[in-house]
Protein chains: 2
Amino acid sequence: MNTSLKSDKICLCAFDGIIDIIGRKWAILLISILGEYGDLRFNQLYGKLEGISPSTLSKILYELSGRGILTRTVTQDKPAKIVYGLSGRGKELRNSLIPLLNWMSGQDEFEKMAETCRPEDLISVKNL
Amino acid sequence: MNTSLKSDKICLCAFDGIIDIIGRKWAILLISILGEYGDLRFNQLYGKLEGISPSTLSKILYELSGRGILTRTVTQDKPAKIVYGLSGRGKELRNSLIPLLNWMSGQDEFEKMAETCRPEDLISVKNL
DNA sequence: CAGCATCCATGACGATACTG
DNA sequence: CAGTATCGTCATGGATGCTG
């Protein structure tokens, strides 16, 4: 596995890093959607992240790309297309988020909400 | 296990709930510290969460207690003491956070920081 | 299409002082 | 001891309009 477990303890300073990455409003959802659907273009993401603004989407894409979580690829098509996807690191992150998502979906307060969920709003929580 | 896996998919609406809980600056650290040390009193937490303000600690304790993540217990001592701890639900949450912590601690950018870490800043990532 | 620039509202957080 | 009250600051994110 990837986790270099030199011990069973980690330093407090790791926590800030986690919050910086996934504490952002759309980060977990964005990562999960890219895990579910594979690579997507800006406007495809804009459509799936209901309620996000272009500027916010732009910012989060820029940040997560800069952190090596996302890949940004320009295709050779004419006209060129730009696609975003999970990097290897991003896939690891997504996998490590799955227990958290499963925990959340098992909570009562969530299960009530989930009953009204449309099929197209369901996201896979299987490992990639 | 607790996770009621009716399917391998979860609804988008679960994500907001996660961000509300663990997106807060001190939430993950607080949960991990209570997992590590067991029940603690306000000023003990205040000492361990270096840099937090009393008002912020007060707020996060109130919120996580309200969500059933933390327990708040008044002892019968004289004078009475108030101790905070993880509820059953909080322990589940903590366990589901462990893969994320392990992932973060395996990242290069983190490992550099971690070299300067004091022993007392190490937190266990074993299941409860 | 794939954003970026700008402005604005909200609220999270920190500092400090105070209380029963 | 275990907080609450108040205040100020800053960052986040939404709305909108513009661009190559």
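What this report covers is the structure whose coordinates are included nearby. (Residues numbered from 1 in each chain as written. Chains lettered and ligands numbered in written order. Predicted model: local features only at pLDDT ≥ 70, side-chain atom pairs only at ≥ 80, totals over all residues. Heavy atoms only, no water.)

## Some words on the protein's contact with DNA strand C
Then comes step 1: Close to DNA strand C lie 18 residues; Arg41(A), Ser58(A), Tyr84(A), Arg24(B) and Lys25(B) are nearest.
Then comes step 2: Separating a phosphate oxygen of DNA strand C from a side-chain N or O atom of Arg72(A) is a distance of 2.9 Å.
Then comes step 3: A distance of 2.7 Å is found between a phosphate oxygen of DNA strand C and a side-chain nitrogen or oxygen belonging to Tyr84(A).
Then comes step 4: Looking at the surface near DNA strand C, the elements that each hand over two or more residues are helix H3 (42-48), helix H4 (54-66) and strand S4 (82-86) of chain A together with helix H4 (54-66) of chain B.
Then comes step 5: Per-element tally for the surface near DNA strand C: the top contributor is H4(B), with four residues.
Then comes step 6: When the residues that make up the surface near DNA strand C are grouped by side-chain class, the tally is six nonpolar, seven polar and five charged. (Near = heavy atom within 4 Å. Polar contact = N/O pair within 3.5 Å; in protein donor to acceptor, adjacent residues only side chain to side chain. Helix = DSSP H or I, 4+ residues; strand = E, 2+ residues; numbered from the N terminus. Nonpolar A, V, L, I, M, F, W, Y, C, P; charged D, E, K, R; others polar.)

## Quick notes on H4(A)
Residues and elements named next belong to chain A.
Then comes step 1: The end-to-end C-alpha distance of H4 is 18 Å, a good match for the 18 Å that 13 residues give at a rise of 1.5 Å each.
Then comes step 2: Every buried residue of H4 is listed here: Leu 57, Ile 60, Leu 61 and Leu 64. All buried residues of H4 fall inside an arc of 100° around its axis, so they share one side. Structural note: H4 exposes Lys 59, Tyr 62 and Gly 66 on the side pointing more than 90 degrees away from its buried face.
Then comes step 3: Considering only its buried residues, H4 is in contact with helix H1 (13-22), helix H2 (27-37), H3, strand S3 (70-74) and S4.
Then comes step 4: Phi turns positive one or two residues past the end of H4, at Gly 68, with a value near 80°. (Expected span 1.5 Å × (residues − 1). Buried < 20%, exposed > 50% of the residue type's maximum accessible area, 1.4 Å probe, protein only. Arc of directions from axis to C-beta. Contact = heavy atoms within 4.5 Å.)

## Digging into the protein's contact with DNA strand D
Then comes step 1: Around DNA strand D, the structure places 17 residues, and the nearest of them are Arg24(A), Lys25(A), Arg41(B), Ser58(B) and Tyr84(B).
Then comes step 2: Protein-adjacent atoms of DNA strand D, using a 4 Å cutoff, are sugar or phosphate at a proportion of 69%.
Then comes step 3: Taking Trp26(A), its side chain carries an N or O atom lying 3.3 Å from a phosphate oxygen of DNA strand D.
Then comes step 4: Between DNA strand D and Lys59(A) there is a distance of 3.4 Å, counted from a base nitrogen to a side-chain nitrogen or oxygen.
Then comes step 5: Mapped onto the surface near DNA strand D, the elements with two or more residues apiece are H4 of chain A together with helix H3 (42-48), H4 and strand S4 (82-86) of chain B.
Then comes step 6: Top contributing element to the surface near DNA strand D by residue count: H4(A), with four residues.

## Concerning the sheet that holds strand S2 (residues 40-41) of chain B
Residues and elements named next belong to chain B.
Then comes step 1: Strand order in this open sheet of three strands is S2-S4-S3, and the pairing throughout is antiparallel. Because the sheet does not close on itself, it has two edges, and the strands there are S2 and strand S3 (70-74).
Then comes step 2: Where S3 meets S4, five bridges bridge the pair, whose relative direction is antiparallel. Bridging from a neighbouring strand, Thr 73 pairs with Val 83 of S4.
Then comes step 3: Along the sheet face, helix H2 (residues 27-37) touches S2, S3 and S4 and points at about 100° away from the line of S4.
Then comes step 4: Each of S3 and S4 is contacted by H4, which is oriented at about 105° to S3, the strand it contacts most. (Pairing = 2+ DSSP bridges. Axes fitted to C-alpha atoms, helices over the stretch in contact; angles between N-to-C directions.)

Any link to function would need more than the numbers given here.
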